[in-house]
Amino acid sequence: MSHHIVETRHLKHIYPDGTIALKDVSFRIEHGESVGIIGANGAGKSTLLLHLNGYLTATSGEIIIGDDPLTKQNLAVIRRTVGMVFQDPDDQLFMPTVFDDVAFGPINLGLSRAEIETRVSEALSRVEAGALRDKPPYHLSCGEKKRVAIATVLSMLPEILVLDEPTNGLDPYARRLLIALLKGFHHTRIVTSHDLDMIFELCERTIVLHEGEVMADGPTLEIFRDNALLDTCRLEKPLAMQGCPVCSPEHRPLPKKPPLVEPHSRKPHQHNH
Amino acid sequence: MLAIDGSFLDFKQLDLLALRQTAVHRLDPRAKVLTTLCFIVCVVSFDKYQISALLPFLIYPVTLIAVGDLPPGYILRKMLFVLPFALLVGLFNPIFDRQVILQIGPLDIWGGWVSCLSILLRAILTASAAIILVAITGFPAICEALEKLKMPQAFAVQLLFLYRYIFVLTDEGVRTARARQLRTFGRRGLDLRHFSSLVGHLLLRTWERAERIHMAMLARGFSGEVHSTHKQSHFGKPELIFTVCWVALFILLRLYNAPQLLGSLFTGSMQ
């Protein structure tokens, strides 16, 4: 079962334009863990994810999936092991129908027709999208697209699921459905998001990235209790951990900041035209 | 902008029509593609003043609409979208071609008018044939048929992607145009500088999306070939009959001017 382990050692990535996206990232995620990766915009989350299935090559450092370090030779195996669900489902669903899309991975694995059929049916029923199988992707709602996008990865039977902003753009109900769905998975899960409440609910462990480095790595509850850490990393407690703004007296008001734009004076505007 | 938006979104209706199960829907896509191709070649190969011989070709779209259980109003509206372009092509014919080729009483009819009408008629015929083909076959199946007819796979995949992402792209284009419109405060027109920047941004964004799609494909084991999983269809007897009968009819109508023959038959019998 050691296939489910994800480890990075001193990962560093510098983009061709000189931007240092990752400075030094090391962590080890064990079998069956559900880990949230959070951080401000530009902290390096997306860059990190793209390393995990070998789309980007590290400038230095290494990535170990299962027992083996990721190399050009075992890329195919790694990509089957690490199922990557992208942020925008329109990028992930590129075939004419939902069925074709979910079957895309299994076909590339060279499976038999019957096997493809069962894999697709299983993956679709796993995300409760069996009824959508013959629809073209642009006929789906955003929530349906997200679920089908997850099915396209599930059909390859990955051991590790990597999800980039899974709840982005969903209405509250669709978001609930998706969280419940993800909770039911037994895979090793790595989730990045700005939806901290979802991370709070879904992940027992959280890694905080800040300017390309791991600032903290530990139980989610501890991380979200550390106000100083959250402040430096431009994060905030999940709403579920904040006091109710209406009825709780100990509710911590947001710090008063000067407005970005000077308020208009009471005098009427003077137009110069 | 809204009009374009609406008509593009309406293409989804074509997909739904393609899901119907009539006799023509069930035919192998190759038969329909070949027949339509033949139809188009016959229609466009007439000389430029031809009108009467084109009219009998209307039988093909009309029959398919009837047998394929397609809504005629919808197909007609789709065609109206194409007609302005055809009109643009034929617009200058009446100005440049003033040779009188027909006289109805005191009225001189210039060759330009006749050829303009001929262009419009051809546009109606070919556009309706193409729209009907998509409505009774479905775009992915057409691509597959073309591939089976030995078109290189790269083109087929290109077409599929075009069809898949045209909606996403128009969506993006419409949103950008709207954002611009909301900040122009009624100033009409779009000057070249802004237009080029707008289109440039759209291109860059499309490029980025293409990269992300490629990423998503690689993540699922893409190795350069797209396999499809459509039902194995078979080019059998019904397909053969469909193709041969229609093609034979097209060739006959191409070689003999049916309305003229009919007319001479009547006038001949009346003498």
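Scoring rules and cut-offs
Residues numbered from 1 in each chain as written. Chains lettered and ligands numbered in written order. Predicted model: local features only at pLDDT ≥ 70, side-chain atom pairs only at ≥ 80, totals over all residues. Heavy atoms only, no water. Helix = DSSP H or I, 4+ residues; strand = E, 2+ residues; numbered from the N terminus. Buried < 20%, exposed > 50% of the residue type's maximum accessible area, 1.4 Å probe, protein only. Contact = heavy atoms within 4.5 Å. Disulfide = S-S within 2.5 Å. pLDDT = per-residue confidence, 0-100. Polar contact = N/O pair within 3.5 Å; in protein donor to acceptor, adjacent residues only side chain to side chain. Phe/Tyr/Trp six-rings, centres within 6.5 Å; stacked < 30°, edge-to-face > 60°. Pairing = 2+ DSSP bridges.

What follows deals with the side chain of Thr47 of chain A. Residues and elements named next belong to chain A. Take Thr47: it is sitting in helix H1 (residues 45-52). With relative accessibility at 7%, the residue Thr47 sits in the buried group. Contact partners of Thr47, with chain neighbours within four places excluded, come to His13, Tyr15, Ala21, Leu22 and Leu56.

Another point: the state of the cysteines. Inspection of every chain in the model, using the stated rule, returns zero disulfides over all chains. The thiol of Cys203 of chain A is not disulfide-bonded; the next cysteine sulfur, from Cys233 of chain A, is found 17 Å away. The thiol of Cys38 of chain B is not disulfide-bonded; the next cysteine sulfur, from Cys42 of chain B, is found 4.9 Å away. Given the relative accessible area of 21%, Cys38 of chain B is considered partly exposed.

Here we come to the confidence of the model for chain B. Residues and elements named next belong to chain B. Predicted confidence across chain B gives a mean pLDDT of 84, with 91% of residues reaching 70 or more. Note that residues 1-5 has pLDDT below 50 and, in this model, two contacts with residues that lie over four places away or in other chains. Scoring the predicted complex yields pTM 0.77 and, for the interface, ipTM 0.77.

The next subject is the environment of Arg133 of chain A. Residue and element names in this part refer to chain A. Relative to the helices and strands, Arg133 resides in the loop between helix H5 (113-126) and helix H6 (142-154). Each C-alpha atom of the pair Arg133 and Leu70 lies 34 Å from the other, and the pair is 63 residues apart in sequence. Beyond its immediate chain neighbours, meaning those up to four positions away, Arg133 contacts Thr97, Val98, Phe99, Glu117, Ser121 and Leu124. At 3.2 Å, the side chain of Arg133 forms a polar contact with the side chain of Glu117.

Quick look at the environment of Gly221 of chain B now. All names here are of chain B. Among the structural elements, Gly221 can be located in the loop between helix H11 (192-218) and helix H12 (237-255). Classification of Gly221 by relative accessible area gives partly exposed; the value is 33%. Sequence separation between Gly221 and Ser128 is 93 residues; the distance between their C-alpha atoms is 40 Å.

Our next topic: the packing of aromatic side chains. Each aromatic ring pair is summarised here by two numbers: the centre-to-centre distance and the angle between the ring planes. Tallied over the entire structure, the rule returns 16 aromatic pairs over all chains. Aromatic side chains Phe200 of chain A and Phe224 of chain A sit 6.3 Å apart centroid to centroid with 70° between the ring planes, which places their arrangement in the edge-to-face category. Within this pair, whereas Phe200 of chain A is found in helix H8 (residues 196-202), its partner Phe224 of chain A is found in helix H9 (residues 220-225), the two being separated by 24 residues in sequence. With a centroid separation of 5.2 Å and 90° between ring planes, the pair formed by Tyr60 of chain B and Phe250 of chain B is classed as edge-to-face.

Residues and elements named next belong to chain A. When you tally the buried positions in strand S8 (residues 188-192), you get five out of five residues, the bulk of the element. With burial as the criterion, each face of S8 is covered, one bearing Thr188, Ile190 and Thr192 and the other bearing Arg189 and Val191. Note that strand S3 (residues 34-38) and S8 share four bridges and pair parallel. Of the residues in S8, the one forming a bridge with Val35 is Ile190. In this sheet, S8 lies alongside strand S7 (residues 160-164) in parallel orientation, the contact comprising five bridges. Paired with Asp164 across the strands is Thr192, a residue of S8.

Residues and elements named next belong to chain A. The residue Thr167 is located in the loop between S7 and helix H7 (172-183) in this model. Relative accessible area serves as the criterion here: at 7%, Thr167 is assigned to the buried category. Among the polar contacts made by the side chain of Thr167, one reaches the side chain of Asp195 at a distance of 2.9 Å. In this structure Thr167 touches Arg175, Leu178, Ile179, Ser193, Asp195 and Met198, once residues within four positions along its chain are discounted.

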